Amino acid sequence: MPDRYAVIGHPIAHSKSPLIHGLFAQATGQDIVYEAIDGGAAPGGFQRALADFRAAGGRGLNVTLPFKLAALAVADLASEDARLAGAANALRFEDGRIEARNFDGIGLVRDIEVNLGLPLAGRRVLLLGAGGATRGAVRPIARAGAARIVIANRTADKAEALAAELAPHLGGVPLVGCGLAALGTQGAFDVVINATSASLDGQAPAVPAGAFAPGALAYDMVYGKGLTPFLRLARQAGCARLADGVGMLVEQAAEAFAAWRGVRPDTREALARLTVPLA
Ligand code: NAP
């Protein structure tokens, strides 16, 4: 009997995870089945679906919106990244316990460092947005050796509060939180990451051209949407290195697969299948 895994979310039909994990299983010769589960909109739907899946012998779940917070709440054990992110995107069921991890941030770092060939050590990094995606990304970026991290958000208070909360956990890497309107005073950055959901509404956060250092990478966490308003804004500011979040998606999946199966899959085939040109 193959081991069972799944992704759970609501809605879930759009999820690329079954395709990605299917490719990983094929490439590594792992005998697994991987399905998509809709946890529904009703209260308790996630917890019920999780209990059913475990009772049926399920070994692990990827968790997507809107259940990432609930996934952390049901865990018996949680990684430091998941605790600081306040959310989990991967669960493992082992010895009757639920282990929670959050691989979004490490997926982002691997995409930037390995796939895009830009080591983060010594870089000035700007994160736009102060939601769940930024919360999960800050510590892995600090661990990669960033020289300085700034979180800038439309609602300044949220960025300031998040920076104050995370700063003591970054091994001394300086972290500042501010409003988008204050970005003019923060200098230039080598990596500018759009972790807002503005692209999903066809908008771009208001980033001054001076925020992009010469040769900077502009990275939009949204994927599959081609040249987003943020990437267009970055290009107009003279930025030539542009990327979307497809590699982050694929790399976080690879981390979960490795944690479940003990073998890290090659991600190139999945990346090639899912990449939409930035045009
Ligand atoms: P979230 O928790 O809902 O946070 C949304 C953030 O976007 C908030 O900081 C919000 O600012 C800001 N925002 C929304 N509309 C804006 C606008 N028009 N202008 C400026 N700021 C705006 O969302 P999230 O979970 O962090 O996700 C953020 C993005 O990352 C989403 O697009 C998601 O798809 C993407 N993501 C991608 C991956 C991947 O694997 N590639 C993984 C995780 C997330 P306020 O606080 O002022 O409202």
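Structure's up top.
Scoring rules and cut-offs
- Residues numbered from 1 in each chain as written.
- Predicted model: local features only at pLDDT ≥ 70, side-chain atom pairs only at ≥ 80, totals over all residues.
- Heavy atoms only, no water.
- Pairing = 2+ DSSP bridges.
- Helix = DSSP H or I, 4+ residues; strand = E, 2+ residues; numbered from the N terminus.
- Axes fitted to C-alpha atoms, helices over the stretch in contact; angles between N-to-C directions.
- Contact = heavy atoms within 4.5 Å.
- Parallel < 35°, antiparallel > 145°, perpendicular 65-115°, else oblique.
- Left-handed = near helix turned anticlockwise from the far one by under 90°.
- Nonpolar A, V, L, I, M, F, W, Y, C, P; charged D, E, K, R; others polar.
- Near = heavy atom within 4 Å.
- Polar contact = N/O pair within 3.5 Å; in protein donor to acceptor, adjacent residues only side chain to side chain.
- Areas by Shrake-Rupley, 256 points an atom, 1.4 Å probe, with all protein chains shown as cover.
- Core = buried A, V, L, I, M, F, W, Y, C linked by side-chain atoms within 4.5 Å.
- Buried < 20%, exposed > 50% of the residue type's maximum accessible area, 1.4 Å probe, protein only.
- Arc of directions from axis to C-beta.

### Regarding the sheet that holds strand β8 (residues 148-153)
On the basis of which strands lie adjacent, the open sheet formed by six strands has the order β9-β8-β7-β10-β11-β12 and parallel pairing. Only two strands of the sheet have a single partner each, and these edge strands are β9 (175-179) and β12 (241-244). Strand-to-strand twist across the sheet, computed as the mean angle between neighbouring axes with direction ignored, equals 20°. Relative to β8, strand β7 (residues 124-128) runs parallel, the two sharing five bridges. Along β8, the bridge assignment pairs R124 with R148. Lying on the sheet, helix α5 (residues 104-115) is in contact with β10 (189-194), β11 (212-220) and β12; it crosses β11 at an angle near 135°.

### As for the side chain of D81
Note on placement: D81 falls in helix α4 (residues 80-85). Each residue touching D81, except ones within four places of it in the same chain, is listed here: N102, R139, P140 and R143.

### Concerning the packing of α5 against helix α6 (residues 132-143)
Between α5 and α6, the shortest axis-to-axis distance is 7 Å and the interhelical angle comes to 50°. The pairing of α5 with α6 is recorded here as oblique in orientation. Relative to α6, the crossing made by α5 is right-handed. In this structure, α5 uses G105, I106, L108 and V109 to contact α6, whose residues at the interface are G136, A137, P140, I141 and R143. A class-by-class count of the residues in the contact of α5 with α6 yields six nonpolar, two polar and one charged.

### Topic: the pairing of strand β5 (residues 90-94)
The sheet contact formed by strand β3 (residues 58-63) and β5 spans three bridges and is antiparallel. Within the sheet, the bridge partner assigned to N62 lies in β5 and is A90. With five bridges joining them, β5 and strand β6 (residues 97-101) adopt antiparallel strand pairing. Paired with F93 across the bridge in β6 is I98. Where β5 hands over to β6, the hairpin turn is made up of two residues, of which D95 adopts a positive phi near 50°.

### Section: the sheet that holds β5
The strand order across the open sheet formed by six strands is β2-β1-β3-β5-β6-β4, and the pairing between neighbours is mixed. Each edge of the open sheet is held by one strand with a lone partner, namely β2 (32-38) and β4 (77-78). Each of β1 (3-9), β2 and β3 is contacted by helix α1 (residues 17-28), which is oriented at about 175° to β2, the strand it contacts most. Docked against the sheet, helix α9 (residues 246-261) engages β1, β2, β3, β5 and β6, running at close to 160° with respect to β3.

### Some remarks on the packing of α6 against helix α7 (residues 156-166)
Geometrically, a packed helix pair is captured by the angle between its two axes and the distance between the axes. Axis separation between α6 and α7 bottoms out at 11 Å; the angle between their running directions is 35°. Pair α6 / α7 crosses with right-handed handedness. In this structure, α6 uses T134, R135 and V138 to contact α7, whose residues at the interface are L162, E165 and L166. Of the residues that constitute the contact of α6 with α7, the class distribution is three nonpolar, one polar and two charged.

### So, the site of the ligand
Taken together, 21 residues sit near the ligand, with A133, N153, T155, K158 and Q203 positioned nearest. Within the backbone of G132, a nitrogen or oxygen atom sits 3.1 Å from an oxygen atom of the ligand. For the ligand, the accessible surface in isolation is 930 Å², of which the surrounding protein chains cover 80%. Counting only elements with at least two residues in the shell around the ligand, the list comes to α6 and α9. Considering only residue class, the shell around the ligand consists of ten nonpolar, nine polar and two charged.

### Here's the deal with the nonpolar core
Counting residues in each nonpolar core, the largest one holds 32 residues, and the members touching the most others are L108, I112, I141, I149, I193 and Y219. Looking at this core, the elements that each hand over two or more residues are α5, β7, α6, β8, α7, β10 and β11. Y5, F24, A25 and A270 belong to the second largest nonpolar core, which has 22 residues in total.

### Focus: the side chain of S79
Structurally, S79 is set in the loop between β4 and α4. Relative accessible area serves as the criterion here: at 18%, S79 is assigned to the buried category. Excluding residues within four positions of it along the chain, S79 makes contact with A100, R101 and N102.

### A closer look at helix α8 (residues 229-236)
Residues of α8 that are buried include every one of F230, L231 and A234, and no others. The buried residues of α8 occupy one face: seen down the axis, they fall within an arc of 95°. Turning to α8, the residues buried within the fold contact β7, β10, β11 and β12. G238 sits one or two residues past α8 and shows a positive phi near 100°.

By themselves these figures say nothing about function.
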